[in-house]
Amino acid sequence: MKKRLHHQKPEPGAALFDSLVRNAIDFLQKSVQELEKHPKYSVIHFYMALELFLKARLLREHWALVVSKVEKASLQAFQSGDFNSVTIDECLQRLANIANESLLTHEHDCFRTIRDHRNKLVHFFHPDYQPPIDKNILAQIVSEQCKAWFYLHRLLTSKWEIHFANYHKQIAGLQKLIRHNQHFLMSKFNALAPEIEADKKKGISFVTCHVCGYESARIEKLHDPLFERSCLVCDWRSYFLKIPCPQCGKPVTVESEGGGECEECETTIDLDYLLEKLGPYQHPKEESSIARCSECENFEPSVIPFGEHEYLCLNCLTLHDEVGQCGWCGELITGDTSETSIWGCFWCPGPDLKD
Ligand SMILES: [Zn+2]
Ligand SMILES: [Zn+2]
Ligand SMILES: [Zn+2]
Ligand SMILES: [Zn+2]
């Protein structure tokens, strides 16, 4: 019997993926290293790294998607690197619409801030960015970069882990480098210390900020069990839930999109548990009153009525003030539904406008 040879065709994007990721890592290292001496280049190189990581993820869907005009994509031109690639906005749009990888609004906003800052420096000459740089400007750049890295690192090591697993060592190295730059925020932290101490005396608690590493994240209870952390040093804000552990009763912190784990007995708290514990009573024969979240577009409905007039997504912990039925598909969704009978919603394609 003849043996059939299986020629595994190399995926056209594989080599480019590797080269995008390596370049992204290289630009990010440069950005961190040149922060103090060449802040302008740090901003520009940080942006380039971000753009390359996002493009690399898009490339994993299909090589043609990183070409600006997909309809003109040619494999030959692609392989020789002779093509116009997507902008960061197109890239985010394609990730959401084609790869089903929508980023959260605050991730988008944070990445756009990096882009806008870079554009400002590329197009106009700013003498303030010449060394020696003012320490407030430096602190602003560091805060921005720490936040963007927090979101990017979370994508690279959780949601997108399977794509970037081969680079986990380098990614961990970048994490260390970026942490090192947090010391540029020390003077801001010192200046805020009296205010933090005064608040603590009033009984307000502060925890270590996940983004900048200082004990400057102020905790505020919004409505039991939802809390907000807002960092006075880097302005990072986030929500979390405090839920008693189902096993041992110790309070467990549940993070946006990450669930929670009891530090005492390692019991995990997931969306199903939260829905059961905090969700409305559901009569099996009646329609569910749990809505779909337009923010995280979670596969399962995850938004429950919460507090007096609001709704809370138990997956991404976004508070919504409106829930309604899509006029096209009938799903219960968050956000403005006034035009959904014409356009559909984030969950349904809506009417086929070609008809
Ligand atoms: Zn912070
Ligand atoms: Zn426990
Ligand atoms: Zn959500
Ligand atoms: Zn719909």
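Here is what the cut-offs are and how they apply
- Residues numbered from 1 in each chain as written.
- Chains lettered and ligands numbered in written order.
- Predicted model: local features only at pLDDT ≥ 70, side-chain atom pairs only at ≥ 80, totals over all residues.
- Heavy atoms only, no water.
- Helix = DSSP H or I, 4+ residues; strand = E, 2+ residues; numbered from the N terminus.
- Contact = heavy atoms within 4.5 Å.
- Areas by Shrake-Rupley, 256 points an atom, 1.4 Å probe, with all protein chains shown as cover.
- Lys, Arg positive; Asp, Glu negative; His and termini not counted.
- Charge placed at Lys NZ, Arg CZ, Asp CG, Glu CD.
- 1 Å grid on protein atoms, 1.4 Å probe; cavity = no way out; pocket = protein on both sides within 12 Å on 5 of 7 lines; lining within 4 Å.
- Points joined across faces, edges and corners; volume = space filled by probe spheres on them.
- Nonpolar A, V, L, I, M, F, W, Y, C, P; charged D, E, K, R; others polar.
- Domains from an automatic or database assignment.
- Buried area = accessible area lost by both parts, 1.4 Å probe.
- Salt bridge = Lys/Arg side-chain N within 4 Å of Asp/Glu carboxyl O.
- Polar contact = N/O pair within 3.5 Å; in protein donor to acceptor, adjacent residues only side chain to side chain.
- Donors = N, O, S within 2.8 Å, 3.2 Å for Na, K, Ca; no water.
- Tetrahedral: all angles 85-135°; square planar, octahedral: opposite > 155°, others 65-115°.
- Buried < 20%, exposed > 50% of the residue type's maximum accessible area, 1.4 Å probe, protein only.

(A) Geometry of the overall build of the chain. If you tally the helices and strands in the chain, you get 11 helices and 12 strands. Expressed as a percentage of contacts within the chain between residues at least 6 apart in sequence, the contacts between residues at least 24 apart total 49%. Of the accessible surface of the chain, which amounts to about 20,400 Å², a share of 49% is contributed by carbon and sulfur atoms. Seen as two clouds, the 39 positive and the 50 negative side-chain charges of the chain have centres 8 Å apart.

(B) Structural view of the layout of surface pockets. Space inside the largest pocket adds up to approximately 650 Å³. Lining the largest pocket are 25 residues, with His106, Tyr151, Arg154, Trp236 and Ser238 sitting closest to its centre. Counting only elements with at least two residues in the lining of the largest pocket, the list comes to helix H5 (105–123), helix H6 (135–159), strand E3 (226–231) and strand E4 (237–244). Here the lining of the largest pocket takes 6 residues from H6, the largest share from any one element. Its residues assigned to classes, the lining of the largest pocket shows 7 nonpolar, 8 polar and 10 charged. Of the volumes computed, that of the second largest pocket is approximately 250 Å³. Around the second largest pocket, the lining residues are Asn100, Glu101, Ser102, Lys159, Glu257, Cys296, Glu297, Asn298, Phe299, Asn315 and Trp347. Within the lining of the second largest pocket, the residues separate by chemical class into 3 nonpolar, 4 polar and 4 charged.

(C) View of the domain arrangement of the chain. Taken domain by domain, the chain comprises domain 1 (13–184), domain 2 (204–269) and domain 3 (284–343). A C-alpha centroid distance of 32 Å is found between domain 1 and domain 3. With 5 residues of domain 1 at the contact, the number on the domain 3 side is 4 residues. With both sides pooled, the region where domain 1 packs onto domain 3 buries about 320 Å², and carbon together with sulfur makes up 37% of that total. Considering only the surface of domain 1 that becomes buried against domain 3, Ser102, Leu104 and Thr105 emerge as the three largest contributors, covering 82% of it. Linking domain 1 with domain 3 are 0 salt bridges. Across the domain 1-domain 3 interface, the total number found is 2 residue pairs in polar contact (both at pLDDT 80 or more). Taken together, the residues that form the side of domain 1 that touches domain 3 break down as 2 nonpolar, 3 polar and no charged.

(D) Up close: the coordination of the zinc ion (ligand 4). Ligation of the zinc ion (ligand 4) by protein atoms is provided by Cys326 (SG), Cys329 (SG), Cys345 (SG) and Cys348 (SG), these donors lying 2.3 Å from the ion. Coordination at the zinc ion (ligand 4) is tetrahedral: its 4 donor atoms span angles of 107 to 114° at the metal. In the primary sequence, the donor residues of the zinc ion (ligand 4) line up as C-x2-C-x15-C-x2-C. Here cysteine 348 lies in the segment after helix H11 (340–343) and cysteine 326 lies in the loop between strand E11 (323–325) and strand E12 (332–334), a separation of 22 residues in the sequence. Like cysteine 326, the residue cysteine 348 is buried in the burial classification.

(E) Representation of the environment of tyrosine 151 within the structure. Position of tyrosine 151 among the secondary structure elements: in helix H6. Tyrosine 151 sits 18 residues away from lysine 169 along the chain, and the two C-alpha atoms are 18 Å apart. Residues contacting tyrosine 151, with those up to four places away along its chain left out, are His106, Glu107, Cys110, Phe111 and Trp236.

(F) Main features of the pattern of salt bridges. Summed over the entire model, instances satisfying the criterion amount to 17 salt bridges. Measuring nitrogen to oxygen at the nearest pair gives 3.1 Å for the salt bridge that ties arginine 112 to aspartate 89. With arginine 112 in helix H5 and aspartate 89 in helix H4 (residues 88–97), this residue pair connects regions lying 23 residues apart in the sequence. Overall, the relative accessible area of 28% leaves arginine 112 in the partly exposed class. Assessed through its relative accessible area of 30%, aspartate 89 is described here as partly exposed. Because the salt bridges share partners, they merge into one network encompassing Asp89, Arg112, Arg115 and Asp116.

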